[in-house]
Amino acid sequence: MAGTRAGLEGRQHTHLLLPHAALDAPQRGLFESALRPAGWTIDPDDSSSMSLRWNRGRAALRLQTLGWFPLLVTVGPIGKATAVHRDAAARLTAAVLAGRGMNFTDQQLVEYLPQAQARWQRALMERRRLSTAERLLRARRCSYCASWSDTSATHCAGCRRRFTVADDTEWNTTVSRATATVAEAEAILADLARGVVLERLTGASHG
Ligand SMILES: [Zn+2]
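Reading guide: rules and limits
- Residues numbered from 1 in each chain as written.
- Predicted model: local features only at pLDDT ≥ 70, side-chain atom pairs only at ≥ 80, totals over all residues.
- Axes fitted to C-alpha atoms, helices over the stretch in contact; angles between N-to-C directions.
- Helix = DSSP H or I, 4+ residues; strand = E, 2+ residues; numbered from the N terminus.
- Parallel < 35°, antiparallel > 145°, perpendicular 65-115°, else oblique.
- Left-handed = near helix turned anticlockwise from the far one by under 90°.
- Contact = placed C-beta atoms within 7 Å.
- Nonpolar A, V, L, I, M, F, W, Y, C, P; charged D, E, K, R; others polar.
- Expected span 1.5 Å × (residues − 1).
- Buried ≥ 20, exposed ≤ 12 C-beta atoms within 10 Å, placed from the backbone.

S.K.: Outline the packing of helix α2 (residues 25-35) against helix α3 (residues 83-98), supporting the account with residue identities and numerical values.
M.R.: Two elements in contact, α2 and α3, have axes whose closest approach is 9 Å; the angle formed by their N-to-C orientations is 135°. By the angle between their axes, α2 is oblique relative to α3. Once α2 is placed against α3, the crossing between them reads as right-handed. Mapping the contact onto sequence places L30, F31, A34 and L35 in α2 and A88, R91, L92 and A95 in α3. Split by residue class, the contact of α2 with α3 holds 7 nonpolar, no polar and 1 charged.

Given below as structure tokens:
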């Protein structure tokens, strides 16, 4: 009997991983449709970009984000766990598994958290590469005065000199490099969100 009781009380929190970048509208919708039929309602005053709270009668449930790329959340009761909390956790788990996600044990969670941190740092780096490359594609930079001009400009907006053939050649090189960087960074971000392991990412770049 003692073993049974320990088994029931051992896990207050359920850890779930979804193959998506963050806690965005589709993931919120997935959780919502799993819990609403059981009578849980979302608490709009206690929800943020990182957490959600639901209430059912006097029972309350909180979902907290622990990692991004892919999304890792932990769900648990606010207060003492009861049968309605366990039912809610089972519903959320079923919805996540149906959405090609995973259920993590406490031990798997501990092992995974440093990876989640490394993945988030990689995602930030790729986002920076992406925005730098996108900026290069939005305007052309003068090699003379470093001013930015419209991509269709024939003359520099800063020093007013006419762009030369050499400038155009350099600009074309910049465009093709930046275009390749955008494609590569977007592919890596998509792979990170899907859960492709870090070691496979660098080899998986398709140019
Ligand atoms: Zn200039």
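S.K.: Could you give me a rundown of helix α5 (residues 165-194), with the residues and numbers involved?
M.R.: Under the 1.5 Å per step criterion, the end-to-end length of α5 is 44 Å for 30 residues, consistent within 8% with the ideal 44 Å. For α5, the complete set of buried residues consists of A185, I188 and L192. Lining the buried residues of α5 we find α4 (106-138) and α6 (198-201). Once α5 finishes, G195 follows within two positions and takes phi at roughly 105°, a positive value.

S.K.: I'd like a rundown of the packing of α4 against α5, residues and numbers included.
M.R.: One can describe the packing of α4 onto α5 by two numbers: an axis separation of 8 Å at closest approach and a directional angle of 155°. The orientation of α4 with respect to α5, classified from their angle, is roughly antiparallel. Crossing of α4 over α5 shows left-handed handedness. Residue-level inspection shows R119, R122, A123, E126, R129, L130, A133, E134, L136 and L137 of α4 in contact with α5, the latter providing T174, V175, A178, T179, T181, V182, A185, E186, I188, L189 and L192. Grouping the constituent residues of the contact of α4 with α5 by class yields 12 nonpolar, 3 polar and 6 charged.

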